[in-house]
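Below, each chain spelled out in residue letters.
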Amino acid sequence: MKISSSVFKNGETIPKKYGYKNGNISPPLTFEDIPKDAESLVLIMDDPDAKPVVGKEWVHWLVWNIPVEIKEFLENFIPDNIPQGKTDFNEIGYGGPAPPDKEHTYIFKLYAISKFLDLEAGSEKIEIEKIMSNHIIGEARLEGKYSPQ
């Protein structure tokens, strides 16, 4: 299973326009080699480097019930029928990188799961992780770095 982006490679810098204060548009993402028995996909983007500053991993994006037939998200576009959760910006949808102190690493985690999640749009990461925990059949990561202006 693999997640990638056409605008940055794993471990490289995420372009500025995808930052929270610089356009806040979601980057294009491609999903490959999804397990055959997967029913849906879950995408979680967070910032573990925020923990020393704010006391927790900062949640930037939550998307679930992505049909396995969807192989990519275009830049700044998520189909309307796919639910998104509440970020730590207290907003629903994508919240781009916004490190308060220094360069941070942002992790896009893609999970293949064996069911669709019975959750309302606006749900939070803890709820999503709890419901999907026993249904994960594959996962992939994409990491990008981002520095404050």
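Cut-offs used in this document
Residues numbered from 1 in each chain as written. Predicted model: local features only at pLDDT ≥ 70, side-chain atom pairs only at ≥ 80, totals over all residues. Heavy atoms only, no water. Core = buried A, V, L, I, M, F, W, Y, C linked by side-chain atoms within 4.5 Å. Buried < 20%, exposed > 50% of the residue type's maximum accessible area, 1.4 Å probe, protein only. Helix = DSSP H or I, 4+ residues; strand = E, 2+ residues; numbered from the N terminus. Contact = heavy atoms within 4.5 Å. Pairing = 2+ DSSP bridges.

Asker: Just to check I follow, could you spell out the nonpolar core for this structure?
Answerer: Nonpolar side chains in soluble globular proteins generally cluster together in the buried interior. Within the largest apolar cluster, 28 residues are counted, with the highest numbers of intra-cluster contacts made by Ile 3, Leu 43, Trp 61, Phe 73 and Phe 108. Elements that contribute at least two residues to this core include exactly β3 (29-32), β4 (40-47), β5 (58-67), β7 (104-113) and β8 (136-146). For Phe 73, the residues in contact, after removing those within four places along its chain, are Pro 27, Pro 28, Leu 29, Phe 31, Leu 43, Trp 61, Val 63, Ile 66, Ile 78, Pro 79 and Ile 82. Among the nonpolar cores identified, the runner-up in size contains eleven residues, and Leu 62, Tyr 111, Ile 113 and Met 132 belong to it.

Asker: Honestly, the pairing of β4 in this entry has me stumped. Any pointers?
Answerer: Side-chain direction in a regular strand flips from residue to residue, so the side chains alternate between the two faces of the sheet. Burial of β4 is extensive: eight of the eight residues sit out of reach of the surface. Because side chains alternate across β4, one face comprises the buried residues Ser 40, Val 42, Ile 44 and Asp 46, and the other comprises Leu 41, Leu 43, Met 45 and Asp 47, equally buried. Relative to β5, β4 runs antiparallel, the two sharing seven bridges. Of the residues in β5, the one forming a bridge with Ser 40 is Pro 67. As paired elements, β4 and β7 share seven bridges and run antiparallel to each other. Across the sheet, Val 42 pairs through a bridge with Tyr 111, a residue of β7.

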